[in-house]
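Here is how the chains run, residue by residue.
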Amino acid sequence: MDTLEQTDCENLFSTPLFRFRLPGSEDFNRELLEEGARLRKKSDGVEKSNYGAWHSSGNLFAAKTNCIAQLKTVAEAATYIATKNISPDLDLATLKLDIFGWMNATPSGGFNAPHTHPGAHWSGVYYVSQPAVEKGESGKIEFLNPRTDLPNWRILKSPTFGAKRAIRPQPGELILFPSYLVHWVYPNETDEERVSIAFNMTFSKEK
């Protein structure tokens, strides 16, 4: 008998997680922090998945400030890259892209409970400030495997079939993931605020 030859391996029903970095973002992040301070003086924010944290009201990207407009461009670019990655034959010119965003400011003890973003295609987060920690889970965002019937696979210790995945993005980093993916953010265990801007990206047919 000849040696067994592998002919293919498909990643069926996989869930992509994209990570992007914006080089030289220090000045840009300072502008976003200043914009956030201005917005917080105008509004107490709203309650969504945030606990002990401030969540801006309305669509952040309706603002005309330069830094928000720049972030909108960055978020759209990331979305187009990710979409072409998973759908290389798609003609993006046939689709319209809508963005809805909000700013999160999370002081010590604040966190975001597990949730999804129904109705959108992609969800993303841009990290404006992320307090440094030497140990612990502070600042991490965790994603839960949508396939809940796989406990027997854990013995194989494969991240493909793991129950969850947690990462701690740094300032200037943008993450993008399918909006159906359940996620939450660990409590801030530092004395500094964590500031991020989250957004939903939704495609529709171009008229």
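Residues numbered from 1 in each chain as written. Predicted model: local features only at pLDDT ≥ 70, side-chain atom pairs only at ≥ 80, totals over all residues. Heavy atoms only, no water.

Student: Could you clarify how one ought to interpret the nonpolar core in this entry?
Tutor: Within soluble globular proteins, side chains that are nonpolar generally end up buried alongside one another. Judged by nonpolar contacts, the single largest core of 29 residues is most densely connected at Leu32, Ile197 and Phe199. Those elements giving two or more residues to this core turn out to be α1 (26–42), α2 (66–86), β4 (95–106), β6 (122–129), β9 (173–178) and β11 (194–205). Broken down by element, the residue count for this core peaks at six residues, all from α2. Ignoring sequence-local partners within four residues, the contact set of Leu32 consists of Cys67, Ile68, Met103, Tyr126, Val128 and Ile197. By size, the runner-up hydrophobic cluster in this structure holds eleven residues, among which are Ile141, Phe143, Leu181 and Ala198. (Core = buried A, V, L, I, M, F, W, Y, C linked by side-chain atoms within 4.5 Å. Buried < 20%, exposed > 50% of the residue type's maximum accessible area, 1.4 Å probe, protein only. Helix = DSSP H or I, 4+ residues; strand = E, 2+ residues; numbered from the N terminus. Contact = heavy atoms within 4.5 Å.)

Student: Can you walk me through a nonpolar patch on the surface in this structure?
Tutor: A surface patch of nonpolar side chains, amounting to about 340 Å² of accessible area, comprises Trp153, Ile155 and Leu156. Secondary-structure assignment places Leu156 in the loop between β7 (141–144) and β8 (164–167). (Patch = residues over 30% accessible without salt bridge, like charges linked within 9 Å, V, L, I, M, F, W, Y side chains within 5 Å. Areas by Shrake-Rupley, 256 points an atom, 1.4 Å probe, with all protein chains shown as cover. Salt bridge = Lys/Arg side-chain N within 4 Å of Asp/Glu carboxyl O.)

Student: Could you clarify how one ought to interpret α2 in this entry?
Tutor: Helical geometry note: an α-helix holds 3.6 residues per turn, so side chains three or four residues apart project in the same direction. Counted at 1.5 Å a residue, the expected span for α2 with its 21 residues is 30 Å, and the 31 Å between its end C-alpha atoms agrees. Buried within α2 are the following residues: Cys67, Ile68, Leu71, Ala75, Glu76, Ala78, Thr79, Ala82 and Thr83. Next to the buried residues of α2 lie β1 (18–21), α1, β4, β6, β9 and β11. (Expected span 1.5 Å × (residues − 1).)

Student: Where do I start with the sheet that holds β6 in this structure?
Tutor: Think of a sheet as strands paired side by side through backbone hydrogen bonds, with each pair either parallel or antiparallel. Judged by pairing direction, the sheet is antiparallel, and its six strands sit side by side in the order β1-β9-β6-β11-β4-β3 without closing on themselves. Looking at which strands have only one partner, the edges of the open sheet turn out to be β1 and β3 (54–55). Lying over the sheet, α1 contacts β3, β4, β6 and β11, oriented at roughly 100° with respect to β6. Of the strands in this sheet, β1, β4, β6, β9 and β11 are in contact with α2, which crosses β11 at around 55°. (Pairing = 2+ DSSP bridges. Axes fitted to C-alpha atoms, helices over the stretch in contact; angles between N-to-C directions.)

Student: Would you take a moment to explain the environment of Ile167 for this structure?
Tutor: When you line up the elements, Ile167 lands in strand β8. Spatially, the C-alpha atom of Ile167 lies 9.8 Å from that of Val185, the residues being 18 residues apart in sequence. Discounting residues that sit within four places of it in the chain, Ile167 has contacts with Leu17, Arg19, Gly139, Lys140, Ile141, Phe143 and Ile175.

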